[in-house]
Amino acid sequence: MAALEKATGDVVFKFEPFVLHVLCQELQDAQLLHSVAIDAGFRNSGITVGRGGKVMMAVRSTHCLEVPLSHQGKLMVSEEYIEFLIHVANGKMEENA
């Protein structure tokens, strides 16, 4: 809270979810991994094929959280709400595990 009170710009509370990048030997390997990831609940997963044919599979969860807290130095939320956000983010961190 002390840091927020000293802020002069915009402050955002941000939680970024688990991401796992896997270099796959074949496209079929990436497709299999993608199916497994989607079935396991990692709905933001995807496959990327580079110009050189490199196949990358990204396993991503949907557990993101991004909330503005202050604007131009003015706190826009209560301390109670910030404590709630911390509780929610900690729950998302446990889900990542």
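Quantities reported herein were computed from a predicted structural model and do not represent experimental measurements.

A.B. asks: Any chance you could explain the overall build of the protein here in plain terms?
C.D. replies: For the protein, the count of helices and strands is 3 helices and 6 strands. Of the regular secondary structure in the protein, the N- to C-terminal order runs α-β-β-α-β-β-β-β-α. By principal-axis analysis of the C-alpha atoms, the protein measures approximately 50 × 30 × 15 Å. Scored against the burial criterion, the 97 residues of the protein give a buried share of 26%. Pairs at least 24 residues apart make up 61% of the contacts formed inside the protein by residues separated by at least 6 positions. With the model as given, the accessible surface of the protein reaches about 6900 Å², and the carbon-plus-sulfur share is 54%.

A.B. asks: Help me out: how do you make sense of the pattern of salt bridges in this one?
C.D. replies: A side chain of one charge can pair with a side chain of the opposite charge if their charged atoms are brought near each other. Going through the model one piece at a time under the given rule, you end up with 1 salt bridge. A salt bridge links Glu16 to Lys14; its shortest N-O distance comes to 3.1 Å.

A.B. asks: Teacher, can you tell me more about unusual backbone geometry here?
C.D. replies: Most peptide bonds take the trans configuration, and most residues that are not glycine carry a negative phi. The backbone of Gln72 sits at a positive phi, close to 50°, despite the residue not being glycine. By secondary structure assignment, the location of Gln72 is in the loop between strand E5 (65-71) and strand E6 (74-75). Residue classification places Gln72 among the exposed positions, given a relative accessible area of 62%.

Conventions used here
Throughout this document, residue positions are counted from 1 along each chain, in the order its sequence is written. Selection of residues for local features in this predicted model requires a pLDDT of at least 70, selection of side-chain atom pairs for listing and counting requires 80 or more, and totals for whole chains, interfaces and linings are taken over all residues. Hydrogens are left out, water is left out, and the side-chain values use all remaining heavy atoms of the structure. The helix and strand labels rest on DSSP assignments: H or I over at least four residues marks a helix, E over at least two residues marks a strand, and numbering proceeds from the N terminus. Burial classes follow relative accessibility: with a 1.4 Å probe on protein chains only, a residue under 20% of its type's maximum area counts as buried, one over 50% as exposed, and anything between as partly exposed. Here, two residues are considered to be in contact whenever any of their heavy atoms come within 4.5 Å of each other. Only the protein chains shown count as cover for residues, and all accessible areas are computed by the Shrake-Rupley method using a 1.4 Å probe. Each salt bridge in this description consists of a side-chain nitrogen of Lys or Arg and a carboxyl oxygen of Asp or Glu lying within 4 Å of one another.

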